[in-house]
Structures are given as structure tokens and as C-alpha cells.
Amino acid sequence: MKIGITCYPTYGGSGVVATELGLELARRGHEIHFISYSQPIRLTGPEPNIHYHEVEVTRYPLFEYPPYDLALATRMAEVSQLYELDLLHVHYAIPHSVSAMLAKQMLAATPPRRNLPFVTTLHGTDITLVGLDRSYLPITRFSIEQSDGVTAISQYLRNRTLKIFDIKNHIEVIPNFVNCDEYMRKPEWLEKRIEYVSNEERLLVHLSNFRPVKRVLDVIEIFDRVHKKIPSKLLLIGDGPDRSQAEWLAVQKGIHEHVLFLGKQDQIREKLAISDVMLMPSELETFGLAALEGMACEVVPIATRTGGVPEVIEHGVSGFLADVGDVDAMAGYAISLLSDESALRAMGKRARAAAQEKYCSSKIIPLYEDFYRKVLEQSSKLSLALRG
Ligand code: GMT
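In this numbering scheme, every chain counts its residues from 1 along its sequence in written order. At least 70 in pLDDT is required for a residue's local features to be given in this predicted model, at least 80 for side-chain atom pairs to be given and counted, and no such filter applies to totals for whole chains, interfaces and linings, which use all residues. Side-chain figures throughout are based on the complete set of non-hydrogen atoms in the structure, without hydrogens or water.

## Some thoughts on the overall build of the protein chain
Where helices and strands are cited, they refer to DSSP runs of H or I of at least four residues and of E of at least two residues respectively, numbered from the N terminus. What the protein chain contains, in helices and strands, is 15 helices and 13 strands. In terms of overall dimensions, the protein chain is globule-like: its C-alpha atoms have a radius of gyration of 22 Å, near the 21 Å expected for 388 residues. Expressed as lengths along the three principal axes of its C-alpha atoms, the size of the protein chain is roughly 75 × 45 × 40 Å. Counting across all 388 residues of the protein chain, residues that qualify as buried make up 55%. Within the protein chain, residue pairs in contact and separated by at least 24 positions form 70% of the contacts whose partners lie at least 6 positions apart. On the protein chain, roughly 16500 Å² of surface is accessible, and the fraction owed to carbon and sulfur atoms is 52%. Where the 43 positive side-chain charges of the protein chain centre and where its 49 negative ones centre are 3 Å apart. As a reference, a globule follows 2.2 Å times the number of residues to the power 0.38, and the radius of gyration itself is taken over C-alpha atoms. Think of it in three bands: residues with accessible area under 20% of the maximum for their type are buried, residues over 50% are exposed, and the middle band is partly exposed, with areas taken using a 1.4 Å probe on protein chains only. In what follows, a contact means two residues having at least one pair of non-hydrogen atoms within 4.5 Å. For the accessible areas, the method is Shrake-Rupley and the probe is 1.4 Å, while residue cover comes only from the protein chains on display. His is not counted, nor are the chain ends; Lys and Arg add positive charge and Asp and Glu add negative charge. Throughout, a charge is located at the NZ atom of Lys, the CZ atom of Arg, the CG atom of Asp or the CD atom of Glu.

What follows is the structure, given as C-alpha cells:
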């Protein structure tokens, strides 16, 4: 298939999922065209079957708000026509779904008039936060309804979308995935652990875009409690609005020498593979991709019981769950686990087994392929009607 993929190319779960999906599909022989304003973060080098089309947004004094969604729609239509794409797959409803809808309409109205189907994948904040804003809600609902196929990355998000948006369109749950051959505890990466911690120390990790929803200050609070009992260090991967507050809190607590702010990183898996425990105390996660990537690397997630997280982490089996804000409980779980090497390793293995059982890319990518085929089948019937 020839598939156009659009996502937010910056640091964020939806962009990561879209890019990894494109890479996996390309490896399976599909022709993938990324259409976005910059190269997606995990698209590092030239790859067979992968193309990237940049969307140029004209800056003009009159445009206080440059109309990216229109430039994107135009580029989507152009690329679809030029490369004869079979379908567009947009990640994050706002504004990508609206742009795809416009591109579809342009192609249907312009000779040689064709029906270009588009699939929208809902990721989270497009529904839970942004979609609830009255200025976005009606158009988001409309573009979801107009999509030829809609997927959500967890059962929680599907139910929430149906409820908030009163959607009539079918929403298929296709969960996020991880490449279990690439995300694992490789011995050559483990050798690098010594660069961060001594043999006696434990290594905790947090990975996010440091937005308020991630509760990075809770990460520091939890680590402060853990560090008082267990010799340890905390790796903080990512960057964002709450980073300086987190730095300030670490200084205030006197633990800043043990908290390593790494900023945005390309090779996440190498850092995950040397860690013992991942802290994910988010206010809300519709899935929690970071936890899944950690689990594949045998890192035990300690997270909040929120959104789609309980679909990914089984409390007491593949990780621990606590209420949002309950930093004492999360620290307690970390302390008891990190004090017992064999329990820690056993739970790490169970976390990987859970990731392998349900979320390996080898299991999930075929679900997307089947879904595309269904959408294409329905759309070819529509194309015949359009020509007739
Ligand atoms: O979590 C973020 O800040 C980024 C956001 C996104 O849409 O890029 O992530 C959402 O999508 C991820 C990938 O599907 C999910 O793993 C995250 O749980 C979800 N984030 C939230 O629900 C807050």
C-alpha cells in the first residue's frame, strides 16, 4: 500500500507512534510518505520505502496565525495525487483530521476525481484536553465523523471519545506497540550503566515532555523519598515547560547531584535498558507509551491508576499503580522493590512478558494493515459510485 502519514513531528507520544508505525510498515514493504512541517523525531536517516514531504507555511504580515492546516491540506492533496497514495493516516485529530478531510474533498472535486480515504488515530489530549475546548469541539467531532476509519490507542480513549463527542462512527481500538527486538536489555547497553551509577546504586528513570499533565514534580518528590532509603540516581529524559521547576525542586531538596536531566534524547531505548524502575505519576495517560517501552526493556513501571494505564500495567504483576498524587505510595513501592534484587528482576521479566504478549509491533502492525484493507474496500465502492 502507499500510505501518507501525518503527525506532530515533535517530542510526543503520538508523533513517536506515527513514526514507528511508518517505519514498521515500510519494513513490511509498504511505501510510506510522511507529510509534516518537520522531519519526525525518530526518523533519523534514509530508510527504504520512506519519503518525507515538508509542509511550507507562508509567513505574511497579515497572517498573525499562519494557516498551517490549509498548507497541510494542500500538501496532502498534492502528494496523494503525485505519488498515487492509497490512503492518508493522520495521528492526533486536531488539526490533522480536518486537513485530511479538506484534501479528500479537493481530490474528489478535481479531475480525475478520486476518492481518497483517510484514517484518524486518536491519541489522547486531542480528545481529553484540546477537544473539550468549545472552539475545537464541533470541528473535531465533525472530522472524526467524516473519517473513513477511526482508531483509538486504548479502550479507555475509545469510550471517552464516544461519551464526550457522541460519535456515531465506529472506533476501532488498536493499541500502541513496541518493537520487542529493538527494545530489550542488550548486554552491550548494560555495560554503559556504569557511566550513570555505581554497582551499589539503583537507577530510576522518567521519560516525558515535562508538561503539567506528567506531574514531574511528583517524580522529584518520589525520588527524594527513595533516595533517602536506597543509594540511587534518577535519569530525567525529555524537556518541556515544567523542567525548570523540577530542577529547582531537586536543588531545594538537596538531591540535584543525583538527578540527571538529560534533555531530549534520540536513543531512548539505550537509556531505558540500563534502568531499574520507571516513574510515571501522570495526572492522565490514555495509554502510557513510555511505560510500555520501559516494560519491553524489563524496567518496572510505577505509575498512576489513570486513563488507559491499567490496560497496560497489571498492578503487582508487571508494575505498580497508585492514585494520582500519592507520592508516598509510589515511593513505598519503589523502595520495597529496589531493596530486593530478585523481586526486582522477576518483576522486570514479567513486565517484558506482558509487553511481548499483547503489544509487540509484530502483533499490532498487522491489525493496522487489516484495518487499512477494510477502509480501502469500503472506499473502492464509494469510488465507483463517484465515477458513476
Ligand atoms: O502525553 C503527551 O504529552 C503526548 C501525547 C500525544 O498525543 O502526543 O500522548 C498521548 O498519546 C500517547 C501515544 O498514543 C499516549 O501514550 C499518551 O498516554 C497520551 N498522553 C496523554 O493522554 C496525556
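## What to know about the domain arrangement of the protein chain
Where each domain starts and ends follows an automatic or database-derived domain assignment. Per the domain assignment, the segments making up the protein chain are domain 1 (2–177 + 361–387) and domain 2 (187–358). On a C-alpha basis, the centroid separation for the pair domain 1 and domain 2 is 31 Å. Facing 21 residues of domain 1, the contacting portion of domain 2 comprises 22 residues. Between domain 1 and domain 2, roughly 1600 Å² of surface is buried when both sides are summed, and carbon and sulfur atoms account for 60% of that area. Each of two parts loses accessible area, computed with a 1.4 Å probe, when they are put together; buried area is these two losses added.

## What about the site of the ligand?
Residues are counted as near a molecule or strand when any one of their heavy atoms sits within 4 Å of it. The environment of the ligand is formed by 18 residues, the closest being His123, Asn209, Arg211, Lys214 and Glu285. Within the side chain of His123, one N or O atom sits 2.7 Å away from an oxygen atom of the ligand. Polar contact is defined as a pair of N or O atoms within 3.5 Å, subject to the rule that within protein one atom must be able to donate a hydrogen and the other to accept it, and that residues adjacent in sequence are counted only when both atoms are side-chain atoms. Interatomic distance of 3.0 Å between a backbone N/O atom of Leu289 and an oxygen atom of the ligand. For the ligand, whose unbound accessible area comes to 480 Å², protein coverage reaches 96%. Ranked by the residues each element gives to the shell around the ligand, the list is headed by helix α1 (residues 13–27), at 3 residues. The residue classification treats Ala, Val, Leu, Ile, Met, Phe, Trp, Tyr, Cys and Pro as nonpolar and Asp, Glu, Lys and Arg as charged. All others, Gly included, are polar. For the shell around the ligand, the class distribution of residues is 6 nonpolar, 9 polar and 3 charged. When residues are assigned to domains, the shell around the ligand turns out to be shared by domain 1 (2–177 + 361–387) and domain 2 (187–358), each giving three or more.

## Quick word on the sheet that holds strand β12 (residues 300–304)
Ordered by their spatial adjacency, 6 strands build an open sheet running β10-β9-β8-β11-β12-β13, and the pairing between neighbours is parallel. The sheet is open, and its two edges are formed by β10 (259–263) and β13 (320–322), each paired on a single side. Here the strands of the sheet are splayed against their neighbours by 20 degrees on average, with no regard to which way each runs. A strand pair is defined by DSSP finding two or more bridges across the two strands. Examined bridge by bridge, strand β11 (residues 277–280) and β12 share 4 bridges and lie parallel to one another. Each residue of the ladder has a partner; that of Val277, found in β12, is Val300. Each axis is a line fitted through C-alpha atoms, taken for helices only over the stretch in contact, and angles between the N-to-C directions span 0 to 180 degrees. Here helix α11 (residues 289–296) sits on the sheet in contact with β8 (202–207), β11 and β12, set at roughly 175 degrees to β11.

## Structural notes on the pairing of β10
Burial of the side chains of β10 is restricted to one face: Val259, Phe261 and Gly263 are buried, whereas none of Leu260 and Leu262 on the reverse face is. Examined bridge by bridge, strand β9 (residues 232–237) and β10 share 4 bridges and lie parallel to one another. Looking at the pairing, Leu236 lines up with Phe261 of β10. Here the term right-handed applies to a crossover when the path leading from its first strand over the helix to its second strand runs clockwise, the strands being oriented away from the viewer. Handedness of the crossover is the feature at issue here: the chain leaves β9, passes through helix α9 (residues 243–253), returns alongside β10, and the resulting connection is right-handed.

## Some details on the side chain of His91
Mapped onto the secondary structure, His91 falls in strand β4 (residues 87–91). A polar contact is formed between the side chain of His91 and the side chain of His89, at a distance of 3.4 Å. Those residues in contact with His91, other than ones at most four positions away along the chain, are Ile5, Thr6, Cys7, Ser14, Ala18, Leu21, His96, Thr121 and His123.

## Considering the nonpolar core
Counting 73 residues, the largest nonpolar core has Ile32, Leu122, Met278, Leu292, Ile313 and Tyr372 as its most contacted members. In terms of residue count, the dominant contributor to this core is α1 (7 residues). Of the domains in this structure, domain 1 (2–177 + 361–387) and domain 2 (187–358) are the two that each give at least three residues to this core. Excluding residues within four positions of it along the chain, Ile313 makes contact with Ala291, Met295, Pro301, Ala303, Ser318, Gly319, Phe320 and Leu321. Here, the term nonpolar core denotes a set of buried Ala, Val, Leu, Ile, Met, Phe, Trp, Tyr and Cys residues that are joined through side-chain atoms within 4.5 Å. If you look at the next biggest cluster of nonpolar residues, it comprises 32 residues, including Ile222, Val259, Phe261 and Val327.

## Some remarks on the state of the cysteines
Whenever a pair of cysteine sulfur atoms sits within 2.5 Å, that pair is classed as a disulfide. Evaluation of the coordinates by the stated rule reveals 1 disulfide. One disulfide bridge connects Cys180 with Cys360, the sulfur atoms lying 1.9 Å from each other. With the S-S bond torsion at -115 degrees, the cross-link from Cys180 to Cys360 turns out left-handed. Highlighted residues: Cys180 in the loop between β7 (171–173) and α7 (187–190) and Cys360 in the loop between α14 (341–359) and α15 (361–387), separated in sequence by 180 residues. Considering cysteine sulfurs only, Cys180 is the nearest to Cys297, which forms no disulfide, with 9.4 Å between them. Taking relative accessible area as the criterion, Cys297 reaches 0% and is therefore assigned buried.

## Details of the packing of aromatic side chains
Working definition: a ring pair exists when centres of Phe, Tyr or Trp rings (six-membered ring for Trp) sit within 6.5 Å. Plane angles under 30 degrees give stacked, over 60 give edge-to-face, the rest tilted. A full pass over the atoms with the stated rule returns 6 aromatic pairs. Taking the centre distance of 5.3 Å and the plane angle of 85 degrees together, the rings of Tyr8 and Tyr92 count as edge-to-face. Separated by 84 residues along the polypeptide, Tyr8 in the loop between β1 (2–6) and α1 and Tyr92 in the loop between β4 and α3 (96–109) bring together distant segments of the chain. Classification of Tyr8 as partly exposed rests on a relative accessible area of 26%. Aromatic side chains Tyr368 and Tyr372 sit 6.3 Å apart centroid to centroid with 35 degrees between the ring planes, which places their arrangement in the tilted category. Here Tyr372 and Tyr368 lie together in helix α15, a separation of 4 residues that amounts to about one turn. Residue Tyr368 is classed as buried on the basis of its relative accessible area of 0%. Overall, Tyr372 belongs to the buried group, its relative accessible area being 0%.

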